[in-house]
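Report on the structure
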Amino acid sequence: MTTLSMPEAPFDRWLAAMRQRHSRRSFDGQPLAGEALAAVREAVSGWQRVEEARVVVLDEAPETIFKGIVGGYGRVTGAPSALVMIGSSDGPAAQTSVGYFGQAAILEATALDIGTCWVGGMFDSKRVNRLVGLESGERVLAISPIGTARQQVSSAERIVYRAKRPKPRKPVTDIAEGLGSAAWSAWARAGVEAARIAPSANNRQPWRFRADGNSVVVAFDGPESRFVSKRLDCGIAMLHFEIAARAAGVSGAWELLEHRSDVARFALGTA
Ligand SMILES: Cc1cc2nc3c(=O)[nH]c(=O)nc-3n(C[C@H](O)[C@H](O)[C@H](O)COP(=O)(O)O)c2cc1C
């Protein structure tokens, strides 16, 4: 069984990063400082080839790898570098792991004051594949620009993404039934609150949490998507959940599930 946990993660730092992160699509075109890039590279190096996912830092990201909507609106611009989120396949466990480890890279970058934006569909996959050099069976599931975000939200960002902050999120009770009840312990409630602010493709927030004894199960809502996998979104939310649970004094690990829409179970004390 595949399990995901990050007992060594800097929880306070990432908790703060989670709360300040917003997707950024407009960058200043300047290369990142060598130390900043080295710090991101150092962070992701610990997660190479673990549990079906790896994250690669692309020092130089040609702008054309980011595809945009006709007319240039919505395109990521001015990003000097990128993160490439690679799955060992496009199977369910790889999708979830890429979300989880990819978000770790995003949070570390955010903590370093680097702008990011998950990009799951609108990128030139052939070009990115060539730039990173994939191994047999591997697939690039998403990328993210990294760089210094422009202070002002660009007009393209405003028009296409109605970029006013914070982005709307579903009420907690929509994503976790009966959250106020005794079935939910304080650490589990903290986990759901943190998962709620996670990014997701089209801000669809597909994660649904249910308390199950001393564990919490996450599943995705509705049918699986043919484009960006909802399991990838859930992997992102799972990292947020785990960080907040750990900050609330609980250690545990996510055991991946593949039954219908179930994605994983957070079981206590196994980390
Ligand atoms: C897996 C994934 C794929 C995404 N793909 C794109 C994309 O192709 N283009 C884009 O501009 N934003 C993309 N986003 C960003 C979402 O639109 C954004 O996370 C969501 O609207 C919430 O906004 P926030 O990140 O500012 O909180 C993606 C996000 C995720 C998690």
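All of these numbers come straight from a predicted model, not from anything done at the bench.

On to the domain arrangement of the protein chain. What the domain assignment reports for the protein chain is domain 1 (23-161) and domain 2 (172-268). One C-alpha centre belongs to domain 1, the other to domain 2, and the line joining them spans 23 Å. Residue-level contacts link 16 residues of domain 1 with 17 residues of domain 2. For the side of domain 1 that touches domain 2, the secondary structure elements donating two or more residues are α3 (92-111) and β5 (139-147). Sorting elements by how many residues they give to the side of domain 1 that touches domain 2 places α3 first, with 10 residues. Here the residues of the side of domain 1 that touches domain 2 are counted per class, giving 8 nonpolar, 8 polar and no charged.

The element helix α7 (residues 186-196) is extensively covered by neighbouring structure, given that 9 of its 11 residues are classed as buried. Taken together, the buried positions of α7 are W187, A188, R189, A190, G191, V192, A194, A195 and R196. Against the buried residues of α7 lie α1 (11-20), α6 (172-175), β6 (207-212), β7 (215-220) and α8 (230-247).

Another point: the pairing of strand β8 (residues 252-256). On β8, burial follows the alternation: G252, W254 and L256 on one face are buried, whereas A253 and E255 on the facing-out side are not. Sheet topology places strand β1 (residues 3-4) next to β8; 2 bridges connect them, and they run antiparallel. By the bridge assignment for β8, L4 is matched with W254. In sequence, β8 turns back onto strand β9 (residues 262-268) through a hairpin of 5 residues, with R260 there showing a positive phi of about 45 degrees.

With that settled, the discussion passes to the packing of α1 against α8. Where α1 contacts α8, the axes come no closer than 10 Å and their chain directions differ by 125 degrees. In terms of orientation, α1 and α8 fall into the oblique class. The handedness of the crossing between α1 and α8 is left-handed. Each of F11, D12, W14, L15 and M18 in α1 lies in contact with α8, whose residues at this interface are H240, I243, A244, R246 and A247. Partitioned by chemical class, the residues of the contact of α1 with α8 number 7 nonpolar, 1 polar and 2 charged.

This paragraph deals with the site of the ligand. Looking at the ligand, there are 20 residues lining it, with S23, W118, G120, P199 and N203 nearest. It is α8 that contributes the most residues to the shell around the ligand, 3 residues altogether. Looking at the shell around the ligand residue by residue, the class counts come to 10 nonpolar, 7 polar and 3 charged.

Strand order across the open sheet formed by 4 strands is β2-β3-β5-β4, with antiparallel pairing between neighbours. Two strands close off the open sheet at either side, each with one partner strand: β2 (53-58) and β4 (115-116). The pairing of β4 with β5 spans 2 bridges and is classified as antiparallel. Paired with T116 across the strands is I146, a residue of β5. Against the sheet, helix α2 (residues 34-45) makes contact with β2, β3 (81-87) and β5, and its axis sits at roughly 165 degrees relative to β2, the strand it touches most.

The rules behind the values
- Residues numbered from 1 in each chain as written.
- Predicted model: local features only at pLDDT ≥ 70, side-chain atom pairs only at ≥ 80, totals over all residues.
- Domains from an automatic or database assignment.
- Contact = placed C-beta atoms within 7 Å.
- Helix = DSSP H or I, 4+ residues; strand = E, 2+ residues; numbered from the N terminus.
- Nonpolar A, V, L, I, M, F, W, Y, C, P; charged D, E, K, R; others polar.
- Buried ≥ 20, exposed ≤ 12 C-beta atoms within 10 Å, placed from the backbone.
- Pairing = 2+ DSSP bridges.
- Axes fitted to C-alpha atoms, helices over the stretch in contact; angles between N-to-C directions.
- Parallel < 35°, antiparallel > 145°, perpendicular 65-115°, else oblique.
- Left-handed = near helix turned anticlockwise from the far one by under 90°.
- Near = placed C-beta within 6 Å.

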